[in-house]
Amino acid sequence: MRAVTDAVAGMLRAAGVAGVFDFAPSAMLCAEPAVVRWSGFSRESRQDGEERGTASVEMLVVREKDAEARDAAFACEAAVRSSGRSEWNAEGSGVRILGIDTDAPTFRERDSSGRSVWAFTARLTVAREI
């Protein structure tokens with residue numbers, strides 16, 4: 001659901017995070033990105049005209065130094081967790097975000113460029129039109 005990843009990316013941009021992408025860019029394009037990546041949807045109920053469920057979005061934060069990646073990941077997680085309802089939904093998207101829950105960031109790996117990658121998952125309770 002593009003609307004969900006766009007909403008999470010918007011929350012990060014509103015918090016002042018630079019270099020937010022929905023794909024993992026090369027180091028030449030952006031050396032220190034924050035990547036919002038779709039992880040899936042699990043339907044919990046279906047009602048007339050809509051279905052409700054949980055959408056998962058993975059956030060990857062890439063930095064040259066491990067401590068900077070960790071700090072940036074925790075700042076991104078806090079921005080998503082504490083965002084206001086007005087930042088959650090876009091008109092005409094067909095998706096309403098009803099709630100957000102996040103995991104604490106953890107170290108993921110060093111990428112092929114040697115940069116440190118920290119990640120966390122945001123689970124969003126959503127209702128989408130069908």
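The present account deals with the structure reproduced in this document. (Residues numbered from 1 in each chain as written. Predicted model: local features only at pLDDT ≥ 70, side-chain atom pairs only at ≥ 80, totals over all residues. Heavy atoms only, no water.)

In this section: the overall build of the protein. Looking only at helices and strands, the protein features two helices and six strands. Against the 2.2 N^0.38 benchmark of 14 Å for 130 residues, the protein shows a C-alpha radius of gyration of 15 Å, consistent with a compact globule. Expressed as lengths along the three principal axes of its C-alpha atoms, the size of the protein is roughly 50 × 25 × 25 Å. Across the protein, the fraction of contacts at a sequence separation of at least 24, relative to all contacts at a separation of at least 6, is 61%. Carbon and sulfur atoms make up 47% of the accessible area of the protein, which amounts to about 6800 Å² in all. With 17 positive and 20 negative side-chain charges, the protein shows a separation of 1 Å between the mean positions of the two kinds. (Helix = DSSP H or I, 4+ residues; strand = E, 2+ residues; numbered from the N terminus. Rg over C-alpha atoms; globule rule 2.2 N^0.38 Å. Contact = heavy atoms within 4.5 Å. Areas by Shrake-Rupley, 256 points an atom, 1.4 Å probe, with all protein chains shown as cover. Lys, Arg positive; Asp, Glu negative; His and termini not counted. Charge placed at Lys NZ, Arg CZ, Asp CG, Glu CD.)

This part takes up the nonpolar core. Formed by 30 residues in total, the largest nonpolar core has its most connected members in Val4, Leu12, Val36, Val80, Leu124 and Val126. Of all elements in the fold, only helix 1 (2-14), strand 2 (34-47), strand 3 (50-63), helix 2 (66-81), strand 4 (95-102) and strand 6 (116-129) reach the threshold of two or more residues within this core. In contact with Val36, other than residues within four places in its own chain, are Thr5, Val8, Ala9, Leu12, Val20, Phe21, Asp22, Val57, Glu58 and Met59. Counting five residues, the second-largest nonpolar core is a separate cluster that includes Val35, Val62, Val117 and Ala119. (Core = buried A, V, L, I, M, F, W, Y, C linked by side-chain atoms within 4.5 Å. Buried < 20%, exposed > 50% of the residue type's maximum accessible area, 1.4 Å probe, protein only.)

This next bit is on the pairing of strand 2. Sheet topology note: the strand 1 (residues 20-21)/strand 2 ladder contains two bridges and is parallel. Its bridge partner being in strand 2, Phe21 is matched across the sheet by Val35. Bridge count between strand 2 and strand 3: 12 bridges; the pairing is antiparallel. Considered in strand 3, the bridge of Ser42 is made with Thr54. (Pairing = 2+ DSSP bridges.)

What follows deals with helix 2. Taking 1.5 Å as the rise per residue, helix 2 with 16 residues should run 22 Å; its terminal C-alpha atoms sit 22 Å apart, in good agreement. Taken together, the buried positions of helix 2 are Ala69, Ala72, Ala73, Cys76, Glu77, Ala79 and Val80. Angularly, the buried residues of helix 2 cover 160° about the axis, an arc narrow enough to put them on a single face. Contacts from the buried residues of helix 2 go to helix 1, strand 3, strand 4 and strand 6. (Expected span 1.5 Å × (residues − 1). Arc of directions from axis to C-beta.)

Relative to strand 6, strand 5 (residues 106-110) runs antiparallel, the two sharing four bridges. Bridge pairing in strand 6 places Arg110 opposite Ser116. From the end of strand 5 to the start of strand 6, which pair antiparallel, there are five residues, and Gly114 there has a positive phi angle of about 90°.

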